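So you can see what is in the structure, the chains are spelled out below.
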Amino acid sequence: MSALLELKGMTIHFGGLIAVDNFDFQLEKGQVVALIGPNGAGKSTVFNVISGIYPPTAGKVFFNGEDITNMKPYHIKTRGIARTFQNIHLFKKLSVLDNVRIGCHCRGRTGVLGALTRLPGVKAEEKVILEKSLEVLEIVGLANKQEETANNLAYGEQRRLEIARALAAEPLLLLLDEPAAGMNPNEKKNLMEMLKRIRAMGITIMLVEHDMKFVMSISDRVDVLNYGQKIASGTPAEVQNDPLVITAYLGSQTG
Amino acid sequence: MFWQQLVNGVTLGSTYALIALGYTMVYGIIQLINFAHGEVYMIGAFTGLIMVVVYKVNFFVAMLAAMLACTVVAVVIEKVAYRPLRNSPRLAPLISALGVSTFLQTLVTLIRGGPNPLPFPQVIQDTVYILGPIRFSKVQVIILILASLLMVFLQCTVKYTKIGKAMRAASEDYATARLMGINVDRVVSFTFGLGAALAGAGGVLVGMYFNSIHPFMGVTVGLKAFCAAVVGGIGSIPGAMMGGIFLGVAEVFGVAMGFDTYKEAIAFALLILVLLVKPTGLFGRPIQRKV
Amino acid sequence: MEAIISTFTNPYYLQVASIMGVYMIAALGLHLITGVTGQFSFGHAAFLSIGAYTSALMSLYLGTPFILNLLVGGLMAALWGVLLGIPSFKLTGDYLGITTLGFGEIVKVVFINMKITGGAGGLGGIPRETNVVVVYSIVVLAIWGLYRLQNSRFGRALLAIREDEIAAESMGINPLLYKLKGFALGTFLAGVSGALYAHLMQYLNPADFGFSRSFEILNFVVLGGLGSIPGTVLGTSVLTLAPEFLRFVREYRMLIYGALMVTMMIFRPYGLLGGIDFGKMFRRYRAQRKSMKDKKAVQG
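Residues numbered from 1 in each chain as written. Chains lettered and ligands numbered in written order. Predicted model: local features only at pLDDT ≥ 70, side-chain atom pairs only at ≥ 80, totals over all residues.

## Examining the overall build of chain C
Next up, step 1: What chain C contains, in helices and strands, is 13 helices and zero strands.
Next up, step 2: The helix and strand sequence of chain C, counted from the amino end, reads α-α-α-α-α-α-α-α-α-α-α-α-α.
Next up, step 3: A compact globule built from 300 residues would reach a C-alpha radius of gyration of about 19 Å, and chain C, at 21 Å, matches this within 12%.
Next up, step 4: Seen through its principal axes, chain C has C-alpha atoms that stretch 75 × 60 × 40 Å.
Next up, step 5: At a minimum sequence separation of 6, the contacts of chain C that also span at least 24 residues come to 78%. (Helix = DSSP H or I, 4+ residues; strand = E, 2+ residues; numbered from the N terminus. Rg over C-alpha atoms; globule rule 2.2 N^0.38 Å. Contact = placed C-beta atoms within 7 Å.)

Following this line, the structure appears as C-alpha cells:
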C-alpha cells in the first residue's frame, strides 16, 4: 500500500538560511506520527510547505498518490488536508459556530446567487453545514459555547476550536501544530482523549509537539528534526534512547 | 530641450521627494498613511509667507521658521489624533488623519479669509544661469541645493545618530524595539517631527517656485508625494527620494510631450504601472508572509 | 399634523432624503468591501462617477429605460472594479487602497478630458427619473441582499478573509476570487448609486467625484460602525444630515466636522454602533424567552 503522505527530498531555504534540508518522510493511513525537535528545527516550516503556504525550494510532496507540490493552500485543503496553527489563527471576531462553519467551506457550493435566492438546495446545504459544525463542536467539547465570540474563549478552548474547525471539513489528514502548547495537565489529558477519538474516526494525524510525555503516549512513530535535518525516526521508545536525539536536546557532554 | 526638461523635472521632483520622505518614514514605523501630511506642507508654505511678508525676514530664516512650525504642528497632531489610536482598528487613525486634514484646511481658510490663492513674494532675485543648453533660474539652483542638503542631513540622522538607530529598529520590528527598551513613543514623535520639517521646507520652496499658495494646495501634492513614496518602495528612505524625482521628471516630460491636460493623472498612472511590474516599489524589500 | 405632512412633501426635504438614500447605497457597497471583506478602498467615488456617466449618457443619447440604465451603470462600475481588482488583489497588504486612490484621480482626469462627458464644464440636461420612492426601494433591496449574503457560505468566506487571510486560505477559500467577487458587488452598488445620483441632480461634474467624495463615503461606513449594516445606515444618515444642522455655524462647519471625526475615532474607534451585534442580541433574546416559556410550562 502506498503512503497517504510522502515528502521526497524536501528542502526549504529562506534567503541564506536552510530551514529544512533534504527531508524524506512517509505517513501511512491511520497512523499518528509526531515530528519533534528543538526550537527552530524546521518543524512548522514542514507543515507550512505541506499545507501550501510556502513553496518548497526543492523536493516533492505527494498526497494520496497525487503530486501536490506548489499547490495553493485552498486547493490542498480540498484534497483532504486540514491544519491548525502554532500561534492560533482563529477568526477572532466571529462566533465559535461561524468559525467552524467556515471550516466546512469546501464541503459547500453556495455562491452569490444561491445566497440571495436561498433556494431549497441552499437551505439543505446550510442545514448539513450546521449539523456537521455542531457535531465537531461536540467532539471538542465546545457545543455549549457556539454563540461566544472566538476571542473571548480561554486559551485552551481556542486551541480546541482550531481542531474543531479543521475537523469540520472531514479531512483525511489532520496536521496539528503544537496542539498542547499552553495547556495545563488536565487539559492535556482531555486533549489526548480527544485525539484518540479522532483517530478512531479514521483520520490520520501528524503533529508537531514539544511535550515529550504527550508525544510518546500518543504516537505510533516519531521523527526528529534538528537544524532542518532528520536525525532519527522510529517508535517512541527507540527515539527516546537514540544518542543523537539526546545530544540534540541536551547538548553533547564533551562540548 | 531634453536636458532643460530634465532639470525642471528634477527640481519639481525634489520637492515631491521632500514631502514623500515624511510619508515613508511614518509608514515604515507605524504603518499609517498620514493623510494630514499634505496639510503640514501647506502650513509650512503659509508660515514661510507670513515670515517673509509680515516679519520681513530673510528667505532662509523664513524656511527655518516654517520647518520649526511644521515640526511643532506634526508632533501635536501625532499626540492628539494618532497616539490614542495606536491599538485601534487600522482604519481609525486614517479617518482621524482625514479629520485633521479637513480641520487644518478650514482653519487656514478662515485665517486667510478665503480659499483663493495668495501670491508668494519674490524673495530671490530672478537671475538666470546658463550652462550649455540649460538655463537654471536661481530659484531652481536654491531648491536643488537645499533639497539635496536636507536629504543628506536626513540620511546622516538616520544612519549615525542614536535616535536614528532607534528609528531603524522600530521600523524593522516595532514590538521588539519596544521590548529592547527603546522609547517608541519618542521615536514616533521624532519621526513625525523630522518628516514635517522636510515637508515645511518643501512648502516654502514650492511657494517660491510657483509664486502661489492656497489652503488646499496640500491635497494633490500630498497624494502625489504619497505615490512617490509607494513607487520608491514605502518604508524606504532612498526609495522616497528616487520616487519623488522619478515622478517629477515623468510629469514634466508628460506635459512637454503634450499630455498637459492629463498632468494630474500622470503620477497615479505611473503608480499603478510600477505596482503591476514591481509590487514592492523600486527600492522596497520583498514581503515574507508570516504564519 | 399638517406640519408633518408638509415636512414630507417639502421638495427640499425630499431632495435631502433622496441624496441620503443615494449615499446609503454607495456606503453599503463600501461596507461590503471594507467592513465585511476588510479591503481598503480609497476611490469609491470613481465607481460612482462611472455609473453616473454611463447611465446619464445612455439616457441622453440612447433614450433607454431608466431601470436598464441603472443596471448598466452598476455593471460598468463592477467591470472596472474587476479590472482594477485583479492586479491589486494578487498582492497582499494595502495595495487595493493605493491602487484605488490612484484610479480615483485618473478617472476624474479622464472624465475632464472626454468630449462626450462635457469635460470640466460638466454634463447637464439629464432627465430627472430618480425620486425618493425609487431610492429607498433600492436601499431596502440592497440591505436585504447584503443581509442574505453576509449570512451565507459566501459571506462567511468574505468575513474569514477580513479576520485572517492565511487561516481563510487554509480553510479552502480562494482569497483572490472572493475578494474580487466582494469588490465587484461593492462597486456595482457604487455604480447604481452614481446612476441614481445622475438622474437626481440632473447635472454631473468630474470634480464632484474626487478624493474628498471617496473619503466622505468611507467616513459614513467607519463612523457608523465598521462591518455593521445598521451602522452604515446610521453613519450615512448622521453625516449627510450633520452639515444641514451645522449650517448655523456657517464657515466653522467644516472645522467642527473635522474635529468631530478625530474625537469620534478617539472615543469610539469602532464607530457609533461598533461591537454591537444585533443578530446576536436577537438570538439571545429569543433563547431567553424560550427558557422563560419552558419555565412557565414546568410551573403550570
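## Concerning the overall build of chain A
Next up, step 1: If you tally the helices and strands in chain A, you get ten helices and ten strands.
Next up, step 2: Over its C-alpha atoms chain A spans a radius of gyration of 19 Å, differing by no more than 12% from the 18 Å that the globule rule assigns to 255 residues.
Next up, step 3: Residue burial in chain A is summarised as follows: out of 255 residues, 43% are buried.
Next up, step 4: Taking as baseline every contact in chain A between residues at least 6 positions apart, the subset at least 24 positions apart corresponds to 66%. (Buried ≥ 20, exposed ≤ 12 C-beta atoms within 10 Å, placed from the backbone.)

## Description of the interface of chain C and chain A
Next up, step 1: Contacts between chain C and chain A engage 25 residues on the former and 28 residues on the latter.
Next up, step 2: Those elements that place two or more of their residues in the side of chain C that touches chain A are helix 6 (132–150), helix 7 (153–163), helix 8 (165–170), helix 9 (175–201) and helix 13 (278–299) of chain C.
Next up, step 3: In terms of residue count, helix 7 of chain C provides more of the side of chain C that touches chain A than any other element does, eight residues in total.
Next up, step 4: Looking at the side of chain C that touches chain A residue by residue, the classes come out as ten nonpolar, six polar and nine charged. (Nonpolar A, V, L, I, M, F, W, Y, C, P; charged D, E, K, R; others polar.)

## Some thoughts on the domain arrangement of chain A
All names here are of chain A.
Next up, step 1: The domain boundaries assigned to chain A delineate domain 1 (1–80 + 172–189 + 208–255) and domain 2 (89–170).
Next up, step 2: Its C-alpha centre places domain 1 at a distance of 28 Å from the equivalent point of domain 2.
Next up, step 3: Listed by partner, the interface residues are eight residues for domain 1 and seven residues for domain 2.
Next up, step 4: Put simply, the parts of the chain that give the side of domain 1 that touches domain 2 at least two residues each are helix 2 (73–79) and strand 7 (173–177).
Next up, step 5: Looking at the side of domain 1 that touches domain 2 residue by residue, the class counts come to four nonpolar, two polar and two charged. (Domains from an automatic or database assignment.)

## Some thoughts on the sheet that holds strand 1 (residues 5–14) of chain A
Residue and element names in this part refer to chain A.
Next up, step 1: Reading across the sheet, the four strands line up as 2-1-4-5 and stay open at both edges, with antiparallel pairing between neighbours. The open sheet has two free edges, formed respectively by strand 2 (17–27) and strand 5 (66–67), since each of these has just one partner strand.
Next up, step 2: Of the pairings in the sheet, the one linking strand 4 (residues 58–63) to strand 5 comprises two bridges and is antiparallel in character. Within strand 5, the residue paired with Phe63 across the bridge is Glu66.
Next up, step 3: Across the sheet, helix 1 (residues 43–50) is in contact with strand 1, strand 2 and strand 4; its angle to strand 2 comes to roughly 65 degrees. (Pairing = 2+ DSSP bridges. Axes fitted to C-alpha atoms, helices over the stretch in contact; angles between N-to-C directions.)

## Remarks on the nonpolar core
Next up, step 1: With 266 residues, the main nonpolar core has Cys70 and Leu271 of chain B together with Ile25 of chain C as its most contacted residues.
Next up, step 2: Residues from two domains meet in this core; each of domain 1 (1–80 + 172–189 + 208–255) and domain 2 (89–170) of chain A gives at least three.
Next up, step 3: Leave out the neighbours within four places in its chain, and Cys70 of chain B touches Val40, Ile43, Gly44, Ala196, Ala197, Ala199 and Gly200 of chain B. (Core = buried A, V, L, I, M, F, W, Y, C linked by C-beta atoms within 7 Å.)

## Here's the deal with the packing of helix 4 (residues 91–112) of chain B against helix 12 (residues 253–267) of chain C
Next up, step 1: Axis separation between helix 4 of chain B and helix 12 of chain C bottoms out at 7 Å; the angle between their running directions is 155 degrees. The angle between helix 4 of chain B and helix 12 of chain C falls in the class roughly antiparallel. Between helix 4 of chain B and helix 12 of chain C lies a crossing of left-handed hand. The residues of helix 12 of chain C that touch helix 4 of chain B, namely those facing Ala92, Ile95, Ser96, Leu98, Gly99, Val100, Thr102, Phe103, Thr106 and Leu107 of chain B, are Met254, Leu255, Tyr257, Gly258, Ala259, Met261, Val262 and Met265 of chain C.
Next up, step 2: Classifying every residue of the contact of helix 4 of chain B with helix 12 of chain C by side-chain character gives 13 nonpolar, five polar and no charged. (Parallel < 35°, antiparallel > 145°, perpendicular 65-115°, else oblique. Left-handed = near helix turned anticlockwise from the far one by under 90°.)

## Description of the interface of chain C and chain B
Next up, step 1: With 30 residues of chain C at the contact, the number on the chain B side is 34 residues.
Next up, step 2: Those elements giving two or more residues to the side of chain C that touches chain B turn out to be helix 5 (95–113), helix 10 (211–225) and helix 12 of chain C.

## Some points on the pairing of strand 10 (residues 229–234) of chain A
Residue and element names in this part refer to chain A.
Next up, step 1: Bridging between strand 9 (residues 221–226) and strand 10 involves five bridges; their strand directions are antiparallel. Across the sheet, the residue bridging to Asn226 is Gln229, located in strand 10.
Next up, step 2: Where strand 9 folds back onto strand 10 in an antiparallel hairpin, the turn is made up of two residues, including Tyr227, whose phi is positive at roughly 50 degrees.

## Things to note about the sheet that holds strand 3 (residues 32–36) of chain A
Residues and elements named next belong to chain A.
Next up, step 1: Spatially, the six strands line up as an open sheet ordered 6-7-8-3-9-10, and their pairing is mixed. The sheet is open, and its two edges are formed by strand 6 (81–83) and strand 10, each paired on a single side. Across the sheet, the axes of successive neighbouring strands diverge by a mean angle of 20 degrees, strand direction being ignored.
Next up, step 2: Bridge count between strand 3 and strand 8 (residues 204–208): four bridges; the pairing is parallel. Looking at strand 8, one finds that Val33 is bridged to Met206.

## What to know about the environment of Ser217 of chain A
Next up, step 1: Structurally, Ser217 of chain A is set in helix 8 (residues 212–218).
Next up, step 2: Taking the C-alpha atoms as reference, Ser217 of chain A lies 30 Å from Lys145 of chain A; in sequence the two are 72 residues apart.

## Some words on the environment of Ile229 of chain C
Next up, step 1: Within the secondary structure, Ile229 of chain C is located in helix 11 (residues 229–245).
Next up, step 2: Put simply, Ile229 of chain C and Leu28 of chain C are 201 residues apart on the chain and 7.3 Å apart in space, counted from C-alpha to C-alpha.

## Here we look at the confidence of the model for chain C
Next up, step 1: Confidence in the prediction of chain C, expressed as mean pLDDT, is 89, and 93% of residues score 70 or more.
Next up, step 2: Reported confidences for the modelled complex are a pTM of 0.90 and an ipTM of 0.92. (pLDDT = per-residue confidence, 0-100.)

## Overview of helix 10 (residues 237–256) of chain B
Next up, step 1: Here helix 10 of chain B spans 29 Å end to end across 20 residues, near enough to the 28 Å set by a 1.5 Å rise per residue.
Next up, step 2: Among the residues trailing helix 10 of chain B, Gly258 of chain B stands out with phi positive, at a value near 105 degrees. (Expected span 1.5 Å × (residues − 1).)

## Some points on the confidence of the model for chain A
Next up, step 1: Per-chain confidence: chain A averages 91 in pLDDT, with 98% of residues scoring 70 or above.
Next up, step 2: When mean pLDDT is taken per element in chain A, helix 3 (residues 96–103) of chain A scores highest with 96 and helix 10 (residues 243–250) of chain A scores lowest with 81.

## A closer look at the pairing of strand 9 of chain A
Remark: a regular strand shows side chains that alternate across the two faces of the sheet.
Next up, step 1: Pairing geometry for strand 3 of chain A and strand 9 of chain A, over four bridges, is parallel. Its bridge partner being in strand 9 of chain A, Val33 of chain A is matched across the sheet by Arg221 of chain A.

## Observations concerning helix 4 of chain B
Residue and element names in this part refer to chain B.
Next up, step 1: For helix 4, with 22 residues, the first-to-last C-alpha span of 32 Å sits near the 32 Å given by 1.5 Å per residue.
Next up, step 2: The buried fraction of helix 4 amounts to 17 of the 22 residues, a majority that puts the element mostly inside the structure.
Next up, step 3: Residue Gly113 follows helix 4 closely and has a positive phi angle near 90 degrees.

## Let's talk about unusual backbone geometry
Next up, step 1: For Asn64 of chain A, which is not a glycine, the phi torsion comes out positive at approximately 55 degrees.
Next up, step 2: Structurally, Asn64 of chain A can be placed in the loop between strand 4 and strand 5.
Next up, step 3: The backbone of Asn211 of chain B shows a phi angle near 60 degrees, a positive value even though the residue is not glycine.
Next up, step 4: Under the C-beta neighbour-count criterion, Asn211 of chain B is labelled partly exposed, with 14 such atoms within 10 Å.

## Observations concerning the packing of helix 2 (residues 11–36) of chain C against helix 9 of chain C
All names here are of chain C.
Next up, step 1: The N-to-C vectors of helix 2 and helix 9 enclose an angle of 170 degrees; their axes lie 8 Å apart at closest approach. When the axes of helix 2 and helix 9 are compared, the pair comes out roughly antiparallel. Along this stretch, helix 2 crosses helix 9, giving a crossing that reads as left-handed. Of helix 9, the residues touching helix 2 (which contributes Ser18, Ile19, Val22, Ile25, Ala26, Leu28, Gly29, Leu30, Leu32, Ile33 and Val36) are Gly182, Phe183, Leu185, Gly186, Thr187, Leu189, Ala190, Val192, Ser193, Leu196, Tyr197 and Leu200.
Next up, step 2: For the contact of helix 2 with helix 9, the per-class residue count stands at 17 nonpolar, six polar and no charged.

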